[in-house]
Amino acid sequence: MDGKGVYIETYGCQMNFADSEVVSSILSKAGYTMVADIGEASFVLINTCAIRDNAEQRIRNRVRELRARQGKHPRLRIGILGCMAERLQSQLMAEEDNVSFVVGPDSYRKLPDILSRVAEGQRAAEVELSTVETYADIEPVRMGGNGISAYISIMRGCQNYCSYCVVPYTRGRERSRDPETIVAEARSLYRDGYKEVTLLGQNVNSYHCGGVNFAELMARVAEVSPRLRVRFATSHPKDLSDELLHTMASYDNICKCIHLPVQSGSDRILKLMNRHYDSAWYLDRISAIRSIVPECSITTDVIAGFCTETEEDHRRTLDLFKQVRYDYAYMFKFSMRPGTYAEKHLADDVPDDEKTRRLEEIIALQGQIALENNRQELGREYDVLVEGPSHRNKEQYFGRNSQNKVLVFDRNSVEPGQYVRVRVTDCTAATLIGQLVD
Ligand code: 5AD
Ligand code: SF4
């Protein structure tokens, strides 16, 4: 160890993975070496998530586990980045005495300075949030990626204040990144051989910078090359515009896939969640997607057992799932987060075993719908971007179609990064199985 090795571990959402690439860039420029083997590290940075209590508990366990390693390497320093650092600030260092520093999502430019201070035995907490920081000038170091598909962060923060959500407190006010720097980053990725970019933000539909809105930004990125696929996440139903849908329809390389978190099918619960739409509005947006971008896949997030949720509210969520027929859903049990509106004003009154039962009911229904949706795919052909060997069977490759569905097929002579044509011959609820078509 020369004292300059940095190992980063990332938890949570895609934004966090994108942020870790920004951190790597900042530290590499300052003379640190990003290492893939924790054994070579003098600093372990953990980029954390605070969205649910179980995400935080997992990270706490990891921090405690690292104590053993520090016993053998007394100069090893541990730092906490990201949402949990922002939420808990120096309290985290008081509770976990083997943590030397906490750094919130808007303070990553200070990391070189912080690392040199903690190497000398100091402790540091930098958690100020910014209204302007977008790291626009920092070219992320793509670590651990496949060289095919990359994230581009286009905005930061969130100010929707959904009543259950900690993100506005951990990531601060919403701000959009200069479109020129976004397009330049996409161009440079394409030149480096990347075939797919995903534009990231907590609510990409409210992107606006210098007169450019999200639909225009998507068009500009799509113009980089017809061979570069463009995806985006996440959309808020209240801001999903027809203009964006028309833009999606007019570019073949804009992927036909929308992640549109619904959270609940009950209007009463949606109001308590401060979502600014009701189920009729949401279903209207689904109809708009189906009519303007007919081949689009739709995915969602849902929370089971939010404050005061009744059996009838829960039934409405199940009914909405039956109506929309999502291709995929991220399904969660409600977890009360300190500092949110829900924590201050609502009661976490659905018993845990009831939350679990409702969640399992949603999962079972969604599994059945996903399988039925996939059965409809039998016989269809798709352009698939090959990503690499299938996890199950190394003789096969996997890739994704524009709809973001995973297809698995025999390797033959294709290579990762190539586009191939695949006919669907079989499926499970999660995967399409196919054959290469000449
Ligand atoms: N409890 C459970 N799930 C939550 N999410 C956000 N906050 C909470 C919470 N307190 C879910 C939402 C969001 C996704 C990223 O995480 O569904 O869309
Ligand atoms: Fe977790 Fe939300 Fe922070 Fe992402 S933004 S890391 S999901 S708390």
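Residues numbered from 1 in each chain as written. Chains lettered and ligands numbered in written order. Predicted model: local features only at pLDDT ≥ 70, side-chain atom pairs only at ≥ 80, totals over all residues. Heavy atoms only, no water.

**Topic: the domain arrangement of the protein**
Move 1: Domain annotation of the protein identifies domain 1 (5–126), domain 2 (149–375) and domain 3 (381–436).
Move 2: On a C-alpha basis, the centres of domain 2 and domain 3 stand 25 Å from each other.
Move 3: Contact residues are listed per partner, giving 18 residues for domain 2 and 17 residues for domain 3.
Move 4: Buried surface at the junction of domain 2 and domain 3, both sides included, amounts to about 1300 Å², of which 48% is carbon and sulfur.
Move 5: When the area that domain 2 buries against domain 3 is broken down by residue, the three leading residues are Lys195, Arg229 and Asn374, summing to 43%.
Move 6: Summed over the shared surface of domain 2 and domain 3, the number is 1 salt bridge.
Move 7: Note that Lys405 is salt-bridged to Asp327, the shortest N-O span being 3.2 Å.
Move 8: Going through the elements one at a time, strand 13 (229–233) and helix 14 (352–375) are the ones with two or more residues in the side of domain 2 that touches domain 3. (Domains from an automatic or database assignment. Contact = heavy atoms within 4.5 Å. Buried area = accessible area lost by both parts, 1.4 Å probe. Salt bridge = Lys/Arg side-chain N within 4 Å of Asp/Glu carboxyl O. Helix = DSSP H or I, 4+ residues; strand = E, 2+ residues; numbered from the N terminus.)

**Structural notes on the environment of Arg392**
Move 1: Inspection of the secondary structure assignment puts Arg392 in the loop between strand 17 (381–389) and strand 18 (396–400).
Move 2: By relative accessible area, Arg392 is classed as exposed at 83%.
Move 3: The spatial distance from the C-alpha of Arg392 to the C-alpha of Val408 is 9.7 Å, given a sequence separation of 16 residues. (Buried < 20%, exposed > 50% of the residue type's maximum accessible area, 1.4 Å probe, protein only.)

**A look at the sheet that holds strand 3 (residues 43–48)**
Move 1: A sheet is described by the order of its strands in space; here 6 strands give the open sequence 2-1-3-4-5-6, paired in parallel fashion. Unpaired on one side and paired on the other, strand 2 (33–34) and strand 6 (124–126) mark the two borders of the sheet.
Move 2: Both strand 4 (residues 77–82) and strand 5 (residues 99–103) contribute to a ladder of 4 bridges, which runs parallel. Pairing of Leu81 across the sheet is with Val103, part of strand 5.
Move 3: Helix 2 (residues 53–72) rests against strand 1 (5–10), strand 3, strand 4 and strand 5 of the sheet, and its axis sits at about 175° to strand 3. (Pairing = 2+ DSSP bridges. Axes fitted to C-alpha atoms, helices over the stretch in contact; angles between N-to-C directions.)

**So, the site of ligand 1**
Move 1: Surrounding ligand 1, one finds Ile51, Arg52, Tyr164, Gln263, Asp301, Ile303, Phe332, Lys333, Phe334, Ser335 and Arg337.
Move 2: Take Arg52: an N or O atom from its side chain is 3.0 Å from an oxygen atom of ligand 1.
Move 3: Contact between ligand 1 and Asp301: an oxygen atom at 2.6 Å from a side-chain N or O atom of the residue.
Move 4: When ligand 1 is considered free in solution it has 410 Å² of accessible area, and contact with the protein chains removes 86% of it. (Near = heavy atom within 4 Å. Polar contact = N/O pair within 3.5 Å; in protein donor to acceptor, adjacent residues only side chain to side chain. Areas by Shrake-Rupley, 256 points an atom, 1.4 Å probe, with all protein chains shown as cover.)

**Considering the sheet that holds strand 16 (residues 328–333)**
Whether parallel or antiparallel, the strands of a sheet pair through hydrogen bonds between backbone atoms.
Move 1: Spatially, the 3 strands line up as an open sheet ordered 14-15-16, and their pairing is parallel. Where the open sheet ends on each side, the last strands, each with one partner, are strand 14 (257–259) and strand 16. The mean inter-strand angle of the sheet, taken between neighbouring strand axes irrespective of direction, is 10°.
Move 2: As paired elements, strand 15 (residues 297–304) and strand 16 share 6 bridges and run parallel to each other. By the bridge assignment for strand 16, Ala304 is matched with Lys333.

**Focus on the side chain of Lys256**
Move 1: Mapped onto the elements, Lys256 comes out in the loop between helix 9 (242–250) and strand 14.
Move 2: In this structure, Lys256 is buried with no salt-bridge partner, the nearest side chain bearing the opposite charge being Glu295 at 4.9 Å. (Lys, Arg positive; Asp, Glu negative; His and termini not counted.)

**Some points on the packing of aromatic side chains**
Move 1: Applying the stated criterion to the full structure yields 9 aromatic pairs.
Move 2: Measuring from centroid to centroid gives 6.0 Å for Tyr108 and Tyr135, while their planes differ by 15°, and the two rings are stacked. Highlighted residues: Tyr108 in the loop between strand 5 and helix 5 (111–119) and Tyr135 in the loop between strand 6 and strand 7 (149–153), separated in sequence by 27 residues.
Move 3: Summarising the aromatic geometry, the rings of Tyr277 and Tyr282 are spaced 6.0 Å apart at their centres and angled 35° between planes, so their arrangement reads as tilted. Tyr282 carries the same exposure label as Tyr277, and that label is buried.
Move 4: Across the ring face of Tyr32, the terminal group of Lys4 is positioned such that the distance to the ring centre comes to 4.4 Å.
Move 5: For Arg285, the ring lying beneath its charged end belongs to Trp281, and the centroid distance is 6.0 Å. (Phe/Tyr/Trp six-rings, centres within 6.5 Å; stacked < 30°, edge-to-face > 60°. Lys NZ or Arg CZ within 6 Å of the ring centre and 35° of its normal.)

**Focus: the packing of helix 11 (residues 279–292) against helix 12 (residues 311–324)**
Move 1: Two numbers describe how helix 11 lies on helix 12: the axes approach to 11 Å, and their chain directions differ by 15°. The angle between the axes of helix 11 and helix 12 places the two elements in the roughly parallel class. Relative to helix 12, helix 11 is oriented so that their crossing is right-handed. Together, Ser279, Tyr282, Leu283, Ile286 and Arg290 of helix 11 and Leu320, Gln323 and Val324 of helix 12 make up the contact between the two elements.
Move 2: Partitioning the contact of helix 11 with helix 12 into residue classes produces 5 nonpolar, 2 polar and 1 charged. (Parallel < 35°, antiparallel > 145°, perpendicular 65-115°, else oblique. Left-handed = near helix turned anticlockwise from the far one by under 90°. Nonpolar A, V, L, I, M, F, W, Y, C, P; charged D, E, K, R; others polar.)

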